[in-house]
Structure formats: C-alpha cells, structure tokens
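Secondary and tertiary structure notes
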Amino acid sequence: MKFIIRLAFQNLTRYKRRTIITSFAIAIGLMLFIFVDSMLQGAEKESELNLKRYETGYLRVLHDEYWENRLMRPLDLSIEDPDSILADLESAGYRATKRITFTADMILNSADFPEEGNLSVFVQAVDVERDNEVFNFGETLVEGRFARKGADEVVIGSWFAEDIMAEVGYYISLITRGNGGFYEVMDLEIVGIVNCPNPNVNRTLLMMPFDTADYYLGMDGAATEIDIALSERSNLESEAENVARIVSGYSVLTWRDLARDYLALAEAKRGGTGTILFLVFIIAAVGISNTMLMAMWERTRELGMMRSLGMKDSSIRLAFIIEAGGIGLIGAVIGTALGCLANLWLVTYGIDFGFITRDMDIGYRVATVMKGIWSVKTIVTSLVSGVLLSMIVAYLPTRKALKMDIPSCLHHQ
Amino acid sequence: MIKIEGVRRNYKTGETEVKALRGIDLEVTDGEFLSIAGPSGSGKTTLLNLIGCIDSLDDGEITIDGVPVSRMDRHAKTTYRRENLGFIFQTYNLIPVLTAFENVSFVLSILGVGQEELSERTYRILKEVGLEGMEHRRPDKLSGGQQQRIAIARALVKQPKIVLADEPTANLDSKTGEEILQLMKQMNRTYNTTFIFSTHDKMVMEYASRLVLLHDGEIASDTRRE
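Thresholds applied
Residues numbered from 1 in each chain as written. Chains lettered and ligands numbered in written order. Predicted model: local features only at pLDDT ≥ 70, side-chain atom pairs only at ≥ 80, totals over all residues. Heavy atoms only, no water. Helix = DSSP H or I, 4+ residues; strand = E, 2+ residues; numbered from the N terminus. Rg over C-alpha atoms; globule rule 2.2 N^0.38 Å. Buried < 20%, exposed > 50% of the residue type's maximum accessible area, 1.4 Å probe, protein only. Contact = heavy atoms within 4.5 Å. Polar contact = N/O pair within 3.5 Å; in protein donor to acceptor, adjacent residues only side chain to side chain. Domains from an automatic or database assignment. Buried area = accessible area lost by both parts, 1.4 Å probe. Salt bridge = Lys/Arg side-chain N within 4 Å of Asp/Glu carboxyl O. Core = buried A, V, L, I, M, F, W, Y, C linked by side-chain atoms within 4.5 Å. Pairing = 2+ DSSP bridges. Axes fitted to C-alpha atoms, helices over the stretch in contact; angles between N-to-C directions. Left-handed = near helix turned anticlockwise from the far one by under 90°.

A few points about the overall build of chain B
Helix and strand content of chain B: seven helices and nine strands. On C-alpha atoms alone, chain B measures out to a radius of gyration of 17 Å, which is about the 17 Å that the 2.2 N^0.38 rule sets for 226 residues. Expressed as lengths along the three principal axes of its C-alpha atoms, the size of chain B is roughly 50 × 40 × 40 Å. The 226 residues of chain B split such that 57% are buried. Counted over contacts in chain B with a minimum sequence separation of 6, partners at least 24 positions apart contribute 69%.

What to know about the overall build of chain A
Helices and strands together make up the secondary structure of chain A, namely 15 helices and twelve strands. For 413 residues, the compact-globule formula gives about 22 Å, and the C-alpha radius of gyration of chain A, at 31 Å, lies well above that figure. Taken along the three principal axes of its C-alpha coordinates, chain A extends 95 × 50 × 30 Å. Scored against the burial criterion, the 413 residues of chain A give a buried share of 53%.

With respect to the side chain of A:S23
Residues and elements named next belong to chain A. With respect to the helices and strands, the residue S23 is situated in helix 2 (residues 16-56). At 2.7 Å, the side chain of S23 forms a polar contact with the backbone oxygen of T19. Every residue in contact with S23, bar those within four places of it in the chain, is listed here: I327, I330 and G331.

Some remarks on the domain arrangement of chain A
Residue and element names in this part refer to chain A. Here chain A is partitioned into domain 1 (2-51 + 263-408) and domain 2 (59-229). Placing a centre on the C-alpha atoms of domain 1 and another on those of domain 2 gives a separation of 50 Å. Taken together, the ten residues of domain 1 in the interface contact ten residues of domain 2. A buried area of about 840 Å², summed over both sides, lies between domain 1 and domain 2, and 45% of it is on carbon and sulfur atoms. Considering only the surface of domain 1 that becomes buried against domain 2, R358, R365 and A367 emerge as the three largest contributors, covering 62% of it. Between the two partners, domain 1 and domain 2, sit zero salt bridges. Between the two partners, domain 1 and domain 2, sit two residue pairs in polar contact (both at pLDDT 80 or more).

Quick look at the nonpolar core
Counting residues in hydrophobic clusters, the biggest one holds 107 residues, and the most contacted among them are B:F106 and B:I196. Counting residues per element, this core draws most heavily on helix 12 (residues 313-348) of chain A, at eight residues. Once you skip the residues sitting within four places of it in the chain, B:I196 turns out to touch B:I2, B:V28, B:L34, B:I36, B:L48, B:I51, B:I162, B:V163, B:L164 and B:A165. Counting residues in hydrophobic clusters, the runner-up holds 48 residues, among them A:M39, A:I85, A:A147 and A:V191.

Quick notes on the interface of chain B and chain A
Residue-level contacts link 26 residues of chain B with 23 residues of chain A. The junction of chain B with chain A conceals about 2,200 Å² of combined surface from both sides, 63% of it contributed by carbon and sulfur atoms. Taken together, the connections running from chain B to chain A amount to two salt bridges. Run the count over chain B and chain A and you get seven residue pairs in polar contact (both at pLDDT 80 or more). Taken together, the elements giving at least two residues each to the side of chain B that touches chain A come down to helix 1 (44-51), helix 2 (74-84) and helix 3 (100-109) of chain B.

What about the pattern of salt bridges?
Summed over the entire model, instances satisfying the criterion amount to 25 salt bridges over all chains. A salt bridge links A:R145 to A:E153, with the shortest nitrogen-to-oxygen separation between them at 2.7 Å. B:E61 serves as the salt-bridge partner of B:R71, at 2.4 Å between the closest nitrogen and oxygen. With B:R71 in the loop between strand 4 (59-64) and helix 2 and B:E61 in strand 4, this pair connects stretches of sequence that are ten residues apart. Taken together, the shared-partner salt bridges connect B:E32, B:R210, B:D222 and B:R224 into one network.

With respect to the environment of B:Y80
All names here are of chain B. Locating Y80 in the fold gives a position in helix 2. Given a relative accessible area of 7%, Y80 falls into the buried group. In this structure, Y80 is in contact with C53, I64, V67, V69, M72, L85 and K161, ignoring residues within four places of it in sequence.

A word on the pairing of strand 8 (residues 206-209) of chain A
Residue and element names in this part refer to chain A. Relative to strand 8, strand 3 (residues 117-126) runs parallel, the two sharing three bridges. Each residue of the ladder has a partner; that of A125, found in strand 8, is M208. Direction of pairing for strand 5 (residues 153-157) relative to strand 8: antiparallel, over a ladder of two bridges. The partner of I156 across the bridge, within strand 8, is L206.

Quick notes on the packing of helix 2 of chain A against helix 12 of chain A
Between helix 2 of chain A and helix 12 of chain A, whose axes approach to 7 Å, the crossing angle comes to 35°. Two packed elements cross with a definite hand, and for helix 2 of chain A against helix 12 of chain A that hand is right-handed.

Looking at the sheet that holds strand 1 (residues 2-13) of chain B
Residues and elements named next belong to chain B. Taken in spatial order, the three strands of this open sheet run 2-1-4, and their pairing is antiparallel. The sheet is open, and its two edges are formed by strand 2 (16-28) and strand 4, each paired on a single side. The sheet shows a mean angle of 30° between the axes of neighbouring strands, direction not considered. Bridge count between strand 1 and strand 4: five bridges; the pairing is antiparallel. Bridged to K3 within strand 4 is T63. Contacting strand 1, strand 2 and strand 4, helix 1 runs over the sheet at an angle of about 120° to strand 1.

If you want it as structure tokens, here you go:
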C-alpha cells in the first residue's frame, strides 16, 4: 500500500505541466462553485430577510377564507376587531401590527404629472404608529416624511416614483371599491419616497395611513391582516401554532406560506444554477479523465511490466485512482483557496446588480448589492467533491487499460 | 522443470490468422541457461510469454514443476507470476519516477515482504549486479547497461524459479550486452535460477548452455553445449 501511494504521488510529478493544467481546470471549477454558491446563498438569505422585513412579516393572521381569495383582495374577508387581537398578541410578547391591503386604479393628472394616465396599483394601509415595530421602513425614507395618522397622504417606492415621475407634493387619485362594493375616490398627497433593499417594494409600494383607508373604505376598524415580527432564531412553526391559539378563528400563515411563489422561484434558480455547476464539474471531469487516459496510454508498457511481475490489477487501479485523487486534491485545495479569496471579496463588497434589478424582476428580493456568505458546508463539499470526482472519473480509463492483454501492453509503442 | 507439450498459438491479424507456434514440445530442467533464438516472427516472444503465464495458448499444455500453469485463470496466473517468475525486458521497463532501489524493492513490496528484509535484500542484489552506490539514482541518471542491471536485480530479488528475458541485450552496445550476459550467467550459477531468454544475436547465443532454434513457430534445432 505504501508503495502504491508513493508511486501514485511520484507519478504526479512526472508530467508536471499536465498535472498543473488539469488541477487548474478543477480549481477553476471549484472556485466558481464556491463563488456562485456563496452568491446564491447570500442572495437567498438576503431575499428572505428582505421579504420578512418589507413584505410579509414573519407571521400573518388572516380571515380563514382570505388566502383562497387573496388575488381579489377582498375587504369583506377581514379581521373585525384587530385591536383586541393586537392587545392579546402584545400581552403574549409579540410585536404585531394591522394593515388593510386593497387594489385601486391610480389616476395621474396633468396638474402634477408630465403625462396623464392610470394604472392598477396595490395599496397598503398601515398603522403609522406600530408598523415599524414589525416592518423596517424606518430607515428607508429618501425624501419627504412618512404619512401622518388620519391624513390623506401616501408614501411611495423610489423606483415607482421614478417610473411615474412623481415627486413629493404631487397628488394622486385612487379609485377603488370600498367594503360593501361602493366606489370611492381618494385624493392623496405624496409626502414621502422610500428606498429599501427589497426591489419589489421599491417598484410597487403605495403606503397610506390605516385610519384614512378605514374611513374611505368603510372598514369600521377592520383590518385585512395582522402582521407579526419574530426574532431570527425563533422556531417559525411552533410560533405559528402559538399565535394560532391566541387568534383562534383566524388563519395564521408563516412567511414561507406567503412567499411560496418566491421560494418556488428560488428553488428553480437553484436547480438551474446547479445544472451550470454540474456542467462546470463535467468539464473538469473530462479534463481529469483525459489526463488519466493519456497517462495510461503513455504508461501502457509500464502497466504491462507491473502486471507481468504479478502486481494485482486492483493495486494498479488503486495507484492510478490515488494519482487522480492527488490531481483532484491539488485542484481542490487551490480551487478552494481561490474560491475563499473570491468569496472574501464577495462577502465584503458584493456585486452591484442594481443595473439589472432596477428594470427587471430577477426574483430575488435584493435591490442592488448581492453579497456572499461563508458556508463551511460548501467549502467542505468543494474539497471532498474535487478529490472524489477525480478518483471516480479515473476509474474508467484504468479499467480500459487493464483490459488489454499483457503482451499487447508490453509491445505498446 | 518446465514441460511444454504440443503448444500451439494462433493470432488474428485482421482477417489473417497467424500461426505463431505450431506444436512446440520442450523440456527445460532447473538451472538451465537457455536461449530461444530465431529470426523475427519465428515465435520466440510468444513462447516466452506462454511460459511466463502472460499469454494463453490455443492447444497443448505447459507445466512448471508439475503445476499446469497454462490451465490457470487470470488471477491464479498473476499470483503464480508474482511468486515464481522474474522478467527482464528488452527496453528495461523501469518506472522512471522511482529510484533504482524502489524499482527493485517494489517486487518485494507486492509480495508483502517486511520493510527490514525488503531493504536488506534490495541492497544486496543491487550490490551483486554492480550498482552499489547508485541505489538512489533514478533510471534517467543511469546508462542503458546500468538500467538493464536494475531490471536484472528486479527479476532476481525475489529469488524466482525462472527468469524470462526477452531480447535482454538488444538495446545495448555489444560490450555492455556481453557484460549483462556475464552477469546473467553469474546469477544463474549463484542462485541456480533457470534463465530462458530470446535473442537473434549470435554473440548472445554463444553464452547459452542450450540453444533452441525456432523457425516459423516450430523447433528447428535444440542444441546443448558446455
């Protein structure tokens, strides 16, 4: 065994250039693996955080039938007495807030806007005193101020403002149907523009005071949802069960239920990126396989000699597989080191994808800079897979060479 | 004793069947220094390969010390070669990344010989073949003759019953070739190892104590001399 290992490692130095080139191919593959995986995991982690902080909260209490009809944004499927539920939740130690969400037609008139027009919007009416206990809009204001309680005011997302060329002080009109089906028109002044790390929010947000919406929509104090914040370390499912006991009669959904579409998209992206990484690995595998095939071809007579002298095929195979594992190890160590260096940069500075996310929804809830994360699992996977992959792909060429009869091996030119 | 009875070996080259050996009968007693000679294509190497259990015959039988080696399966032949046979090749076939010592000692490694004994036997045989002081040189730092000495040491270090050498001097100049033959002869006498080597070089034939001349796969003559 000692001899086999020594022979394998001595052979690594035999064709230094080839060993380096093949190791380099593996290293590049693994570096890309670490880099892309880190970026994806970072984007997913950041997206989840931004979903919870700006879109869904951690838990949401809804009327039992609301979720099935959510696309209609029904105002009648509401929580009738949200304040008592909020009080119960607060006494149980939860941070929670009420909201009314509804759809409307937004009218832009030429008095303020360069162009007249209308578009469908999604409006969130928030409790201006409590909303920041659950959501994180506090630090996101880039212009103006937040809407005041009871005022006919609205805050909009920064990209939305750019798209419609809105400025603080402009007025918009919202035409919607109130609770019961009556038509209502609200003239609201844009008092603030927010820019947060969630591109969806920047692109679509229209946020008005809860009591203003309550008045216009005839909600009689009802809310369409109650959103709850949890700490990151909380057990989501058990907290959901706990809240469900407090708010009996209503449904409690976790952010994972609410962001099902995003999670499915993230899963699909992982699959797609996995395919790309798989291809990178295949390229590295072909490189190793080719190197081993060349090594076999060049050492056919040597193989014949070793077999003549009674060395077992399994020992010869093992020597070549260890040799390939050595190439894989060099590649894996270099690739992991390069990957960690690249990742250090990615974790510290990240890549600014603002130029894409501004105009295109890429699915992730990251507005500009995507940063990586450190994952021990990825680094270990990289090291182990580099070595294992090399050893596995060396098997076939070795098997092929060992199928040749010994006299042919000995007379191989 | 090696007993070869009615051995035939055919090869297919494309559509053509080549009859490499056409019924060889031969007996080789222990400790012989036998040369198989003949022109190219006469079947010398094929016969050596069959005796060396690295090829399979089509008809006939080969027994070594009563063991029907030609009937063995692949694994049994490997084991038999490992334990009983030594090989010397025309092109030395040394492992270039290993030193002279390692090239010789690996034969003992695969036999499972312990480190101390392996070391002692390897140094001793390298000394006997005249490579003392060169144990840690790699083949590329040695001459052709010195490389073939390593090959001889490698063949003999396990003290095999039989050493088979396929044209062992073909790649050497005549002076070095003669030195190698003298060394082989000396080893033959020292260890009473049976040496069977193929050649078409007259000078080499002169060294043999028995000369078997092959022609078109048949024994044309079998001459013993002292």
